[in-house]
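These are the residues of each chain, in order.
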Amino acid sequence: MIEEHFDQVLTFGGHFPQDFTWMNAKYREAKSALIASGLDLVPCMNDTLAGNFLLDSENRVTLVDFEYASNNDRCAELALWFVEMCFDNETETEVIEEYFGKVDPVIVARINVFKALVDLKWSTWAMVQNKLSALDFDYFKYGVWKHMRTRVAMRDPQWNEWLKAV
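Below or above, wherever it landed, is the structure these notes cover. (Residues numbered from 1 in each chain as written. Predicted model: local features only at pLDDT ≥ 70, side-chain atom pairs only at ≥ 80, totals over all residues. Heavy atoms only, no water.)

**Some remarks on the overall build of the chain**
Inference 1: Per the secondary structure count, the chain includes seven helices and four strands.
Inference 2: Start at the N end of the chain and walk to the C end: the helices and strands fall as α-α-β-β-β-β-α-α-α-α-α.
Inference 3: In terms of overall dimensions, the chain is globule-like: its C-alpha atoms have a radius of gyration of 16 Å, near the 15 Å expected for 166 residues.
Inference 4: By its C-alpha atoms, the chain is 45 × 45 × 25 Å across when sized along the principal axes. (Helix = DSSP H or I, 4+ residues; strand = E, 2+ residues; numbered from the N terminus. Rg over C-alpha atoms; globule rule 2.2 N^0.38 Å.)

Dropping the structure here:
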């Protein structure tokens with residue numbers, strides 16, 4: 001939905017960061033690499049904010065808010081979960097090993113590339129919401145924060161290696 005949100009920002013007069021041309025070029029590199037390697041589509045929630053995980057008194061987890069649920073690459077879903085929960089590397093490694101049965105460098109690379117893309121998706125979504133939503137929430141600030149995280153991921157010294165590995 002990244003490109004759909006780009007179009008929406010243009011349509012509604014939302015904010016693009018000053019380095020959007022650079023960010024868009026990095027996004028397109030990542031998209032090309034991921035498409036060339038093939039997408040591993042599975043049912044995904046696509047909205048793994050902490051508030052969408054409810055824990056009851058018996059430690060059972062209930063997921064809520066499936067408004068954005070659709071098929072997506074499983075590594076994108078994990079990447080979104082990791083960035084939303086701010087897991088450290090050790091926790092991410094444990095989750096990857098539990099989910100896939102091993103820690104494969106290709107999977108780690110895919111997740112790291114998707115971390116940038118999911119932040120780009122939600123930053124751009126926030127700029128649309130900043131123009132359209134009546135909710136009392138600072139979507140602009142949220143979007144700027146997500147743009148900053150996108151930049152951090154795309155400027156990581158390993159970015160090009162991750163793209164080659166996916």
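**Describing a negative patch on the surface**
Inference 1: On the surface, Asp-88, Glu-90, Glu-94, Glu-97 and Glu-98 cluster together into a patch of negative charge.
Inference 2: Here Asp-88 is to be found in the loop between helix 3 (74–85) and helix 4 (89–100). (Patch = residues over 30% accessible without salt bridge, like charges linked within 9 Å, V, L, I, M, F, W, Y side chains within 5 Å. Areas by Shrake-Rupley, 256 points an atom, 1.4 Å probe, with all protein chains shown as cover. Salt bridge = Lys/Arg side-chain N within 4 Å of Asp/Glu carboxyl O. Lys, Arg positive; Asp, Glu negative; His and termini not counted. Charge placed at Lys NZ, Arg CZ, Asp CG, Glu CD.)

**Brief notes about helix 1 (residues 2–12)**
Side chains three or four residues apart in an α-helix point the same way, a direct result of the helix having 3.6 residues per turn.
Inference 1: Taken residue by residue, helix 1 has Ile-2, His-5, Phe-6 and Val-9 as its buried positions. The arc that holds every buried residue of helix 1, seen down its axis, measures 110°, which confines them to one face.
Inference 2: Lining the buried residues of helix 1 we find helix 2 (20–37) and helix 5 (105–132).
Inference 3: Two residues or fewer after helix 1 comes Gly-13, characterised by a positive phi angle close to 70°. (Buried < 20%, exposed > 50% of the residue type's maximum accessible area, 1.4 Å probe, protein only. Arc of directions from axis to C-beta. Contact = heavy atoms within 4.5 Å.)

**With respect to the packing of aromatic side chains**
Inference 1: Overall, the coordinates contain 16 aromatic pairs when judged by the stated rule.
Inference 2: Pairing Trp-125 with Tyr-139 gives two aromatic rings, centres 5.6 Å apart and planes at 80°, and the pair type is edge-to-face. Of this pair, Trp-125 sits in helix 5 while Tyr-139 sits in helix 6 (residues 139–154); the two residues are 14 residues apart in sequence, bridging distant segments of the chain. Each member of the pair, Trp-125 as well as Tyr-139, is classed as buried.
Inference 3: With a centroid separation of 6.0 Å and 50° between ring planes, the pair formed by Tyr-142 and Trp-145 is classed as tilted. With Tyr-142 and Trp-145 both in helix 6 and three residues apart, the pair spans about one turn of that helix.
Inference 4: Using a relative accessible area of 15% as the deciding quantity, one classes Tyr-142 as buried.
Inference 5: A relative accessible area of 35% means that Trp-145 is categorised as partly exposed.
Inference 6: A network of ring pairs unites the aromatic residues Tyr-68, Trp-122, Trp-125, Phe-137, Tyr-139, Tyr-142 and Trp-145 as a single cluster.
Inference 7: The cationic tip of Lys-121 hangs over the ring face of Trp-122; the distance from NZ or CZ to the ring centre is 4.2 Å. (Phe/Tyr/Trp six-rings, centres within 6.5 Å; stacked < 30°, edge-to-face > 60°. Lys NZ or Arg CZ within 6 Å of the ring centre and 35° of its normal.)

**A few points about the nonpolar core**
Inference 1: Membership of the largest hydrophobic core comes to 29 residues, with the highest contact counts inside it found for Ile-111, Val-113, Leu-117, Met-154 and Trp-159.
Inference 2: Where this core is concerned, the elements lending two or more residues are helix 1, helix 2, helix 3, helix 4, helix 5, helix 6 and helix 7 (159–165).
Inference 3: With eight residues, helix 5 is the single largest residue contributor to this core.
Inference 4: The residues contacting Trp-159, other than those within four sequence positions of it, are Lys-26, Glu-29, Ala-30, Val-113, Ala-116, Ala-153 and Met-154.
Inference 5: Judged by nonpolar contacts, the second largest core, of nine residues, contains Val-83, Val-118, Trp-125 and Tyr-139. (Core = buried A, V, L, I, M, F, W, Y, C linked by side-chain atoms within 4.5 Å.)

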